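# Structure at a glance
In case you want the letters, here they are:
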Amino acid sequence: MSLTLSALLIIFIAAPGFIALNAFQGRIGALSSDGYVGDQRWQSYAITSLFVALPVHAILIGLLAITPLPDAQLAVALSLLAGNSGADATPALDDIARNAGWIVTYLGLSLLVAGLLGGGVRAWITTRNLDLKYRFLRLSNPWHYLFLGAEQPEMPDLAVLTVSVEMGGTTWLYTGILDHYEYFPDGRLKYVRLVGAQRRRIDEDRPSGVDDDPARYYTLDGEYLIVFFPDVKTMNIDYLYRIPDDPTPGNPQE
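What comes next concerns the included structure. (Residues numbered from 1 in each chain as written. Predicted model: local features only at pLDDT ≥ 70, side-chain atom pairs only at ≥ 80, totals over all residues. Heavy atoms only, no water.)

### Concerning the overall build of the protein
Just so we agree on the cut-off: By definition, any uninterrupted DSSP run of H or I lasting at least four residues is a helix, any uninterrupted run of E lasting at least two residues is a strand, and each is numbered from the N terminus. Using a 1.4 Å probe on the protein chains alone, a residue whose accessible area is under 20% of its type maximum counts as buried, one over 50% counts as exposed, and one in between counts as partly exposed. Any pair of residues with heavy atoms lying within 4.5 Å of one another is described as a contacting pair. Areas reported here follow the Shrake-Rupley algorithm with a probe of radius 1.4 Å; residue values treat only the protein chains shown as occluding.
A count of helices and strands for the protein gives seven helices and six strands. Ordered by position from the N terminus, the helices and strands of the protein form the series α-α-α-α-α-α-α-β-β-β-β-β-β. Relative to its full complement of 254 residues, the protein shows a buried share of 31%. Long-range contacts, defined here as pairs at least 24 residues apart, represent 63% of the contacts in the protein between residues at least 6 apart. If you sum the accessible surface of the protein, you get close to 16300 Å²; carbon and sulfur atoms cover 61% of it.

### Thoughts on the side chain of serine 49
Turning to its location among the elements, serine 49 is positioned in helix α2 (residues 39-65). The exposure class assigned to serine 49 is buried, which follows from its relative accessible area of 0%.

### Re the pattern of salt bridges
To keep things clear, this is the line we draw: Salt bridge, as applied in this entry: a Lys or Arg side-chain nitrogen positioned within 4 Å of an Asp or Glu carboxyl oxygen.
Counted by the stated rule, this structure contains three salt bridges. The salt bridge partner of aspartate 157 is arginine 242, with a shortest N-O separation of 3.5 Å. On the criterion of sequence distance, the pair formed by aspartate 157 in the loop between α7 (142-148) and β1 (158-167) and arginine 242 in the segment after β6 (232-240) is long-range, its members being 85 residues apart. On the accessibility criterion, arginine 242 (61% relative accessible area) is exposed.

### Comments concerning the packing of aromatic side chains
As a reminder, the rule being used: The pairing test for Phe, Tyr and Trp rings, Trp by its six-membered ring, is centres within 6.5 Å, and the orientation test on the planes gives stacked under 30 degrees, edge-to-face over 60, and tilted for anything in between. Two limits define a charge over a ring: the Lys NZ or Arg CZ must be within 6 Å of the ring centre, and within 35 degrees of the ring normal.
Evaluation of the coordinates by the stated rule reveals three aromatic pairs. Seen in terms of ring centroids, phenylalanine 147 and tyrosine 181 are 5.0 Å apart; in terms of plane orientation they differ by 65°. Their pairing is edge-to-face. With phenylalanine 147 in helix α7 and tyrosine 181 in strand β2 (residues 170-183), this pair connects stretches of sequence that are 34 residues apart. The class of phenylalanine 147 is buried, set by a relative accessible area of 8%. Taking relative accessible area as the criterion, tyrosine 181 reaches 12% and is therefore assigned buried. Cluster of aromatic residues (ring-pair linked, three or more members): Trp143, Phe147 and Tyr181. Sitting over the ring of tyrosine 224, arginine 193 keeps its end group 4.7 Å from the ring centre. Geometry around tryptophan 172 places arginine 199 over its ring, the cationic atom sitting 3.8 Å from the centre.

The structure is reproduced here in structure tokens:
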């Protein structure tokens, strides 16, 4: 009995930490290539969750300290959770059952506060681009920052991808503006979604020293082109920047 209650207590304490970390990571971080796969990383994630949960519990306990609550035999309950049994077991269980409503309410509030804190901290970091300035604040998602152009001297406005795909013994180059991407938990890209996509055969490359000829490509019909990455051999990324309006006479800039 005490072992079960001890496990429940650990889950009870760590649960807000899990919620806070998931809210902090959001959709992008949740797909992390450095996701906690394997025993050691799950253990690391659990330990981190325990530490993250501490300030959440501290906030709630501080609020509850000024709130009148029913009397609870906490010393008896903690004694049971620590492994003691015998005569103390029955009153401890009775005390937990009598205050089950408060326990559930506290758990719900702790999860809500954890979610708000995790999401709020991530929003504060991203709106100020702090994760672009400081690596230790970045999500463990290298694709996000690669496609974003975080390592460039200036943040680009668009990312143009060119990928090579082999079909029927012929290698094709597909190029287009990156619109969306997904990838597997182990870090492999699942697919990229391109807009304004074009393609050409790779053997129709330009001769050395000759300027690029856009006519070598032909535009693909459709709003989007989905390229699944198990079929992709190589990928090139080109960052584009919008040119600001030229505030010269005859071309005023507002």
